[in-house]
Structure formats: C-alpha cells, structure tokens
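# Topology and contacts: notes
Chain by chain, the residues:
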Amino acid sequence: MHEGTATSTAHGGGHARHALQGASLFGLEEHDGPGGAVTRLHGFSAGRFELLPGAAQARVRVCPRRMLTSAGGRRIDRDVSAYHLDERGSFAYEVPTARRA
C-alpha cells in the first residue's frame, strides 16, 4: 500500500472507473516482510480538477512524486518509474461531469 498506482477500468462499455494511490509521504524506511527487511518508497501525488469550458467533462491532472536518494542526499522528484508523464511532469484523463437541469 505504499507504492503509487493509477488504474482505470471500464465494464460493458460504461464509464471508466479510476483509482489513484499516492506513495506514502511519511513512515518507516524499512519494515519486516515475509522475506526479511523491505525498503519502503516515499513520496506523494498532488492533483487538480480542470473544468473544460463548454464541455460536460472535467480533466483530472495528477502529479506523482517520489523521494530519490543519491550521493547528494534525498530529493523529491517526478516519479517516472511507475508513470508515463507529460512535459508538465503529470498525467491527465477526462471524466464526465453531472449535468444540471
């Protein structure tokens, strides 16, 4: 549950159902697993809804980030290990919005 994921599923031609999970921002660096010590990933995902003018849809934009460790220390940067990101460092998808009568 500490790794970031994004999935979309549609059944029978219906609207897609989207599930997003960001990496854990805080927590232990390691924990005991069935095979020994497991190193946890740290990071977060930020997002926003963009209302599209004149459309019955909204765009969901998600910016996944992950902590990286190097000789220079730790830093939070784009998570390209699990996502295909655009030039903005995010991915987006559109969802239908409710129409008002």
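Up top is the structure.
The structure presented is a predicted model; accordingly, all values stated were derived computationally and were not measured. (Residues numbered from 1 in each chain as written. Predicted model: local features only at pLDDT ≥ 70, side-chain atom pairs only at ≥ 80, totals over all residues. Heavy atoms only, no water.)

A few words on the pattern of salt bridges. Under the counting rule described, the total for this entry stands at six salt bridges. Of the charged contacts, one joins Arg61 and Glu50 as a salt bridge, the two residues approaching to 3.1 Å between their closest N and O atoms. One end of the pair, Arg61, is in strand E6 (residues 57-70); the other, Glu50, is in strand E5 (residues 43-51), and 11 residues separate them in sequence. This pair shows no difference in class: Arg61 is buried, exactly as Glu50 is. Taking the shortest distance from any N to any O, the salt bridge between Arg59 and Glu94 comes out at 3.3 Å. Taken together, the residues span a long stretch of sequence, with Arg59 in strand E6 and Glu94 in strand E8 (residues 91-96) at a distance of 35 residues. Linked through salt bridges whose partners overlap, the residues forming this network are Arg48, Glu50, Arg59, Arg61, Asp86 and Glu94. (Salt bridge = Lys/Arg side-chain N within 4 Å of Asp/Glu carboxyl O. Helix = DSSP H or I, 4+ residues; strand = E, 2+ residues; numbered from the N terminus. Buried < 20%, exposed > 50% of the residue type's maximum accessible area, 1.4 Å probe, protein only.)

What follows deals with the layout of surface pockets. A volume near 240 Å³ is recorded for the largest pocket. Considering the residues around the largest pocket, the lining is formed by 14 residues, among which Thr39, Arg40, His42, Met67 and Thr69 are closest to the centre. Of all the elements, E6 adds the most residues to the lining of the largest pocket, at four residues. Class assignment of the residues belonging to the lining of the largest pocket gives a composition of five nonpolar, four polar and five charged. (1 Å grid on protein atoms, 1.4 Å probe; cavity = no way out; pocket = protein on both sides within 12 Å on 5 of 7 lines; lining within 4 Å. Points joined across faces, edges and corners; volume = space filled by probe spheres on them. Nonpolar A, V, L, I, M, F, W, Y, C, P; charged D, E, K, R; others polar.)

Within this structure, the stated rule accounts for one aromatic pair. Ring centres 5.5 Å apart and planes at 10° place the aromatic pair Tyr83 and Phe91 in the stacked group. Residue classification places Phe91 among the buried residues on the basis of a relative accessible area of 15%. (Phe/Tyr/Trp six-rings, centres within 6.5 Å; stacked < 30°, edge-to-face > 60°.)

Looking now at the nonpolar core. In this structure, Ala58, Val60, Val62, Tyr83, Phe91, Tyr93 and Val95 together form the largest nonpolar core, which totals seven residues. Of all elements in the fold, only E6 and E8 reach the threshold of two or more residues within this core. If we ignore the near neighbours within four places in the chain, the residues touching Val62 are Leu20, Ser45, Ala46, Gly47, Ser90 and Phe91. (Core = buried A, V, L, I, M, F, W, Y, C linked by side-chain atoms within 4.5 Å. Contact = heavy atoms within 4.5 Å.)

The two faces of the sheet receive side chains in turn, since in a regular strand these alternate between them. Pairing of E5 with E6, which is carried by nine bridges, proceeds in the antiparallel orientation. Within E6, the residue paired with Phe44 across the bridge is Arg65. The loop that links E5 with its antiparallel partner E6 comprises five residues; one of these, Gly54, has a positive phi angle of about 70°. (Pairing = 2+ DSSP bridges.)

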